[in-house]
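Summary of the model geometry
Below, each chain spelled out in residue letters.
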Amino acid sequence: MVVHVALTGATGFLGLRLLRRLLTTHASLTVLTHARSGDALHRITRFFELSGAPDTLIAALPSRLRVVETELERPRLGLSGNDFQKLADGLDAIWHSAGSINLEDDLARLRGINVEGTRHVLELAAAGHRNPAVHHVSTAFVAGARREGVAYEDELDDTYGFENAYERSKYEAEVLVRAWSRAHDRPVLVLRPSILVTDLPPHPDLPSHPLQVIERILQDSLRTAGLAGPGIPGSSRPEIRLVGHPHGHLNLMPVEDAAEVMVRLAGRPPSGGVDTYNVVHGHDVPVSTIVALLERLVHLNLDVVARKPDDVSALESLLDFYPGFTAYLSHRRRFDDTRVRTLFGPSTTGFRVDLDYLWSGLGPRPATAG
């Protein structure tokens, strides 16, 4: 039986990996891309080329992918009533991976994309006569500003508040998904990945991931201070104090492995309600490793301190670069993934995320033709 699948966010960092994995089990896919965002098929093709996909798979993409331009923020995804209904009636499953991961964006804008976008995807799922399965990509960080203890998959509350507007918007989207499931008596698969990373070398034609965004902000701040560029001897590098915990740790999950786990979970029979899974790595990364990576990238000496210094330097003030992320340097919590480990075994990834792995996906590479 042919299963007709739609995927939002197919040109994003995770969406591209989901797309490639879904093409191993589905003859064709419908990709719901943002209107006026450029040639989606070209961007998808470039990713497949740069990630080493077989030539036969690349050549078949135009015939296996149907691109539908949509606007998540608008009712009916910005489509006409007829086009919206036709799309809905032709689907057996919907993967909702699109969204903004801008940790410092305005809450109203994030709600427009992450919450209202989810609402409109759920409207699509409700409108179709086939009652398509819904697979919603959330984030493990709906756990909010709880910095210690264990974040369990059945938990979804705002008791601890949130580190940033992004977390709040994804929390609100999950609340919406659960309410929709109850109202329509429909199952939903909720997937909560941790921070997604890769060892695929950076390239202008590839979407960036969270650590690349942080590097870019650091580099921009250094340029503003007239300190950008390599070659600063270690003893002469400015020292920057960052607030964190000396024993802090973060969960960083290879995005390719996350996509594999997600698709395998989607292949399991639903319980009938909301099935939630933390898609995380079995080993957290120490904050000291993150600091060492940033030092290598931006040629600064970074020192993690317990509290914000009273004598903040001008450069430290300038480099209070990303409060929505730096708060995570104090995190020591663990994401429980008992359900995934019970289903698939103790290890869902073959890669240990360490400094060398992270550097491979961030470090500068010589330019190549094409």
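Residues numbered from 1 in each chain as written. Predicted model: local features only at pLDDT ≥ 70, side-chain atom pairs only at ≥ 80, totals over all residues. Heavy atoms only, no water.

Quick look at the confidence of the model for the protein now. On average, residues of the protein score 90 in pLDDT, and 92% of them are at 70 or above. Overall, residues 365–370 carries pLDDT values under 50, and its contacts beyond four positions in sequence, including any with other chains, amount to four contacts. (pLDDT = per-residue confidence, 0-100. Contact = heavy atoms within 4.5 Å.)

On to the environment of Thr224. You can see Thr224 is positioned in helix α7 (residues 210–224). The exposure class of Thr224 is exposed, given its relative accessible area of 62%. Taking C-alpha positions, Thr224 is 9.8 Å from Leu315, a pair spaced 91 residues apart along the chain. (Helix = DSSP H or I, 4+ residues; strand = E, 2+ residues; numbered from the N terminus. Buried < 20%, exposed > 50% of the residue type's maximum accessible area, 1.4 Å probe, protein only.)

Another aspect to go through is the nonpolar core. With 40 residues, the main nonpolar core has Leu18, Leu19, Phe48, Trp95 and Leu265 as its most contacted residues. Take this core: its biggest share by element is seven residues, from helix α8 (residues 255–266). Beyond its immediate sequence surroundings of up to four residues, Trp95 is in contact with Val5, Ala6, Leu7, Thr8, Leu18, Leu22, His135, Leu191, Met262, Val263 and Ala266. With 38 residues, the next largest nonpolar core counts Leu110, Tyr166, Val298 and Phe335 among its residues. (Core = buried A, V, L, I, M, F, W, Y, C linked by side-chain atoms within 4.5 Å.)

One pass over the full model with this rule turns up 19 salt bridges. Residue Glu116 pairs with Arg119 through a salt bridge whose shortest N-O separation is 3.0 Å. Of this pair, Glu116 and Arg119 are both found in helix α5 (residues 107–127), three residues apart, which corresponds to roughly one turn of the helix. (Salt bridge = Lys/Arg side-chain N within 4 Å of Asp/Glu carboxyl O.)

So, about the side chain of His26. Within the secondary structure layout, His26 lies in the loop between α1 (13–22) and β2 (29–34). Classification of His26 by relative accessible area gives buried; the value is 18%. Contact partners of His26, with chain neighbours within four places excluded, come to Val3, Val5 and Arg64.

On to the sheet that holds strand β7 (residues 188–193), then. Taking strand neighbours across the sheet as the criterion, the seven strands line up as β3-β2-β1-β4-β5-β7-β12 in an open arrangement whose pairing is parallel. Each edge of the open sheet is held by one strand with a lone partner, namely β3 (65–70) and β12 (274–279). Neighbour-to-neighbour, the strand axes of the sheet open up by a mean angle of 20 degrees, direction not taken into account. Bridge count for β2 against β3 is six bridges, and the pairing is parallel. In the strand pairing of β3, Val31 is matched with Val67. (Pairing = 2+ DSSP bridges. Axes fitted to C-alpha atoms, helices over the stretch in contact; angles between N-to-C directions.)

So, about the packing of aromatic side chains. This model, assessed by the stated rule, comprises four aromatic pairs. Ring geometry for Phe47 and Phe48: centres 5.7 Å apart, planes at 85 degrees, overall edge-to-face. Residue class for Phe48 comes out buried when judged on its relative accessible area of 0%. Grouped by ring-pair contacts, the aromatic residues Phe141, Tyr328 and Phe335 constitute a single cluster. (Phe/Tyr/Trp six-rings, centres within 6.5 Å; stacked < 30°, edge-to-face > 60°.)

Glancing now at the packing of α1 against α8. Running from N to C, α1 and α8 cross one another at 55 degrees; their axes reach a closest spacing of 9 Å. Considering the angle they form, α1 stands oblique to α8. Our pair here, α1 against α8, has a crossing hand that is right-handed. Counted together, Phe13, Leu14, Arg17, Leu18, Arg21 and Leu22 of α1 and Val255, Glu256, Ala259, Glu260, Met262, Val263 and Arg264 of α8 form the full contact between these two elements. (Parallel < 35°, antiparallel > 145°, perpendicular 65-115°, else oblique. Left-handed = near helix turned anticlockwise from the far one by under 90°.)

On to the packing of helix α4 (residues 81–89) against α5, then. Helix packing for two helices is described by the angle between their axes and how far apart those axes are. Between α4 and α5, whose axes approach to 8 Å, the crossing angle comes to 70 degrees. If you check the angle between α4 and α5, you find them roughly perpendicular. The hand of the α4/α5 crossing is right-handed. Across the interface between the two elements, Phe84, Gln85, Leu87, Ala88 and Asp89 of α4 pack against Glu123, Leu124 and Ala127 of α5. Residues that form the contact of α4 with α5 fall into these classes: five nonpolar, one polar and two charged. (Nonpolar A, V, L, I, M, F, W, Y, C, P; charged D, E, K, R; others polar.)

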